[in-house]
Amino acid sequence: MSEVVHTDHHDEHDHGPEKGLLRWLYTTNHKDIGTLYLWFSFLMLFIGGALALVIRTELFQPGLQFIEPAFFNQMTTNHGLIMVFGAIMPAFVGLANWLIPMQVGAPDMALPRMNNLSFWILPFAFGMMISTFFMDGGGPNFGWTFYAPLSTTYGPPSTTYFIFAVHLMGASSIMGSINIIATILNMRAPGMTLMKMPLFVWTWLITAFLLIAVMPVLAGAVTMMLFDIHFGTSFFNAAGGGDPVMFQHIFWFFGHPEVYIMILPAFGIVSHILPAFARKPLFGYTSMVWAVASIAVLSFVVWAHHMFTVGMPLFGQAFFMGATMVIAIPTGVKVFNWIATMWRGSMTFETPMLFAVAFVILFTMGGFSGLMLAIVPADYQYHDTYFVVAHFHYVLVPGALFSIIAAVYFWFPKWTGKMYNESLGKLHFWLSFIGVNITFFPQHFSGLAGMPRRIPDYALQFADFNMISSVGAFIFGFSQLFFLYVLINGIRSGKAADGLSWEGAKGLEWTLPSPAPYHSFTQPPKVS
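This section reports on the structure supplied with the text. (Residues numbered from 1 in each chain as written. Predicted model: local features only at pLDDT ≥ 70, side-chain atom pairs only at ≥ 80, totals over all residues. Heavy atoms only, no water.)

Quick look at the nonpolar core
If you look at the biggest cluster of nonpolar residues, it comprises 156 residues, and the most contacted ones within it are Phe85, Leu95, Phe146, Trp204 and Trp338. Not counting the four nearest positions on each side in its chain, Phe85 is found in contact with Pro90, Phe126, Met169, Met215, Leu218, Phe254 and Glu258. Core analysis: the second largest hydrophobic core is formed by five residues, Ala378, Tyr382, Phe387 and Val388 among them. (Core = buried A, V, L, I, M, F, W, Y, C linked by side-chain atoms within 4.5 Å. Buried < 20%, exposed > 50% of the residue type's maximum accessible area, 1.4 Å probe, protein only. Contact = heavy atoms within 4.5 Å.)

Below you can see the structure in the form of structure tokens.
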């Protein structure tokens, strides 16, 4: 009778030095794939950020200075698309690849080869999207929401390539989501029930279901665009009996859950970091799980709050206003739970904690301006102004992006075995924090005064706020180059990491890997 020998296929196939660069092409190791996602999203962050700096350079002064209005439109469109689909989402998927198997006690993701494929689709999708800049008529110029008929009847010839790129991104997201759901539901360690999972795992489980639900909606929208452009249909062309407003309904039925897809994993990250540096268990674990689930469900019934000005019936406006405000309740539960976690904790403020606390404060500000936008008569005034730009950037930059940066600092010692330079990390935080507020806070005032968004020129009265905003954008942008330096410096010459690597780490031992879930620890020792 032959003896069956079990080998770890990762060690056998993925880590041989003879493979060199091919190891990254063929790897099925969740850690390698997580690393690929994270570096790819970092590259996209710099590309999308460069487009943003072109926008802010043009807006530094009134008048047309540097670029043509048509190219300005391409900049705004591609900045939004690259940041949403290329930077934020792949970064969260990278974190999921790294952390979920380790947090649920699985040897790897459930479907490792599909995991590899879901990553390698992305460079081709974004390569195609960025290449549209060099085509006749230029790249997509119709805003990241690509409203029809602007994108169908009047879009440049490169729109077809843009549609194909969106299809590829959607396929990648769906494959990644299937993988995450299969891993969490089938591969948890014995004894880890659903209500014992770390919160990051919970937030990603719910996010993955959201992705599977809404990505086909986006695929349907861009397929109808394709038919309108090439096959003579009139889904969105009023001249042929179509309805441009239908496009907005379809797009935002995808787009609003998409906004929550970009913030729910951030909630999970912050729910790990705050307890660690407060040296207390997370307050209200069960309520946090239910809050995330209820936010996800509610995200499907609020889409038309993006469309209050299209002429919908009064009852429709009232419904979407009320539904939007209801989302503030579970979100408020989460914020109060985070505050209660920190309350009377033995807090120290290392870099991950600084980013996490800034997340709570600034994300809450973004939430409050969202409540303002939910009020129908007020939204008529705010709509398509810089107030909206300020609102969603406060949610997505100090929200989603700060949480990703916090996660990178927090798990960096776990990933690399090295410790980044804490002083440089704190400097990066303060540059980012100051830069992001100088950039986006003045935009609230510009918007309330009536400055329209997506326009390369503006009236003289907006000049001061725009100048301040542009200066902040360059501070924030270059501070992310500094972040790259901090990471590479840590990888190359950081000291070896151990459980007490953070400077204020006395009492932090209780957060180190343990069979018990995060929420079930007894009270950790207080720091004297």
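Quick word on helix H13 (residues 351–374)
One full turn of an α-helix is made of 3.6 residues, so residues set three or four places apart face in the same direction. Taking 1.5 Å as the rise per residue, H13 with 24 residues should run 34 Å; its terminal C-alpha atoms sit 34 Å apart, in good agreement. For H13, a buried count of 17 out of 24 residues is recorded, marking the element as mostly surrounded by other parts of the structure. (Helix = DSSP H or I, 4+ residues; strand = E, 2+ residues; numbered from the N terminus. Expected span 1.5 Å × (residues − 1).)

Some details on the pattern of salt bridges
Enumeration over the complete set of coordinates arrives at two salt bridges. In this structure, the salt-bridge partner of Asp32 is Arg23, at a minimum N-O distance of 2.7 Å. Its salt-bridge partner being Arg453, residue Asp384 comes within 3.0 Å of it at the nearest N-O pair. Here Asp384, found in the loop between helix H14 (376–382) and helix H15 (386–416), pairs with Arg453, found in the loop between helix H16 (422–448) and helix H17 (463–493); they are 69 residues apart in sequence, far enough to count as distant. Owing to a relative accessible area of 38%, Asp384 belongs among the partly exposed residues under this scheme. For Arg453, a relative accessible area of 18% puts it in the buried group. (Salt bridge = Lys/Arg side-chain N within 4 Å of Asp/Glu carboxyl O.)

Overview of the packing of H15 against H16
It is at 7 Å that the axes of H15 and H16 come closest, and there the two elements cross at 165°. As the angle between them shows, H15 and H16 are arranged roughly antiparallel. When you trace H15 past H16, the crossing you get is left-handed. In the contact of H15 with H16, the residues fall into 15 nonpolar, 10 polar and no charged. (Axes fitted to C-alpha atoms, helices over the stretch in contact; angles between N-to-C directions. Parallel < 35°, antiparallel > 145°, perpendicular 65-115°, else oblique. Left-handed = near helix turned anticlockwise from the far one by under 90°. Nonpolar A, V, L, I, M, F, W, Y, C, P; charged D, E, K, R; others polar.)

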